[in-house]
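Here are the chains, one letter per residue:
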Amino acid sequence: MGDLENIAAELRVAHSEGKGAVELALLSREKLGSAFGAISFIAVFRIAFDVPLPVLQRAQAWGRFGGGGVQISDQEFSALLSPWLTD
């Protein structure tokens, strides 16, 4: 199993323990370390939760990712990903 698959498994466990979208994204950033970026974020959330690519592309605008341009808030980020983070 590769690094992304291992991190995705950790995210699924964290989600089952009650972690929400913001906490999961921060955990993925922590686990990915210097490898964290748009591609790795998209990959790990697709593997972990099967979030559609267009949704993850929009999620990249989250303010805590530090990208420029139009940014979305924690609340918007959570609402965007919530349909795929349900049990």
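Residues numbered from 1 in each chain as written. Predicted model: local features only at pLDDT ≥ 70, side-chain atom pairs only at ≥ 80, totals over all residues. Heavy atoms only, no water.

A. How the structure looks around the environment of Leu 24. Relative to the elements of secondary structure, Leu 24 occurs in helix H2 (residues 21-32). Taking relative accessible area as the criterion, Leu 24 reaches 0% and is therefore assigned buried. Separated by 19 residues in the primary sequence, Leu 24 and Glu 5 have C-alpha atoms spaced 15 Å apart. With residues near it in sequence (within four places) discarded, Leu 24 still touches Leu 11, Ala 14, His 15, Lys 19, Phe 45, Phe 49 and Leu 85. (Helix = DSSP H or I, 4+ residues; strand = E, 2+ residues; numbered from the N terminus. Buried < 20%, exposed > 50% of the residue type's maximum accessible area, 1.4 Å probe, protein only. Contact = heavy atoms within 4.5 Å.)

B. Expanded view of the packing of aromatic side chains. Under the definition given, this model contains 4 aromatic pairs. The interplanar angle of 45° and the centroid separation of 4.9 Å between the aromatic rings of Phe 41 and Phe 45 together place this pair among those described as tilted. With Phe 41 and Phe 45 both in helix H3 (residues 38-49) and 4 residues apart, the pair spans about one turn of that helix. Comparing Phe 41 with Phe 45, the two get one shared label, buried. With a centroid separation of 5.6 Å and 55° between ring planes, the pair formed by Phe 45 and Phe 49 is classed as tilted. Taken together, the residues Phe 45 and Phe 49, both in helix H3 and 4 residues apart, mark about one turn of the helix. Counting every residue linked through ring pairs, the aromatic cluster contains Phe 41, Phe 45, Phe 49, Trp 62 and Phe 77. (Phe/Tyr/Trp six-rings, centres within 6.5 Å; stacked < 30°, edge-to-face > 60°.)

C. Spatial organisation of the side chain of Ser 28. Relative to the helices and strands, Ser 28 is located in helix H2. Residue classification places Ser 28 among the buried residues on the basis of a relative accessible area of 0%. A polar atom in the side chain of Ser 28 sits 2.7 Å from the backbone oxygen of Ala 25. Those residues in contact with Ser 28, other than ones at most four positions away along the chain, are Leu 11, Phe 36, Phe 41, Val 44 and Phe 45. (Polar contact = N/O pair within 3.5 Å; in protein donor to acceptor, adjacent residues only side chain to side chain.)

D. Structural detail: H3. With 12 residues, H3 extends 16 Å between its outermost C-alpha atoms, agreeing within 8% with the 16 Å of an ideal straight helix rising 1.5 Å per residue. Among the residues making up H3, those that are buried are Ser 40, Phe 41, Ile 42, Val 44, Phe 45, Ala 48 and Phe 49. Those residues of H3 hidden inside the fold are in contact with helix H1 (3-16), H2, helix H4 (53-59) and helix H5 (74-81). Just downstream of H3 lies Asp 50, where phi reads positive at about 55°. (Expected span 1.5 Å × (residues − 1).)

E. Structural detail: the nonpolar core. Grouped together as the largest cluster of nonpolar side chains are 27 residues, with contacts concentrated most on Leu 11, Phe 41, Phe 45, Phe 49, Phe 77 and Leu 81. At the level of elements, H1, H2, H3, H4 and H5 are the ones that each hand at least two residues to this core. Aside from chain neighbours lying at most four places away, what touches Leu 11 is Leu 24, Leu 27, Ser 28, Val 44, Phe 45, Ala 48 and Phe 49. (Core = buried A, V, L, I, M, F, W, Y, C linked by side-chain atoms within 4.5 Å.)

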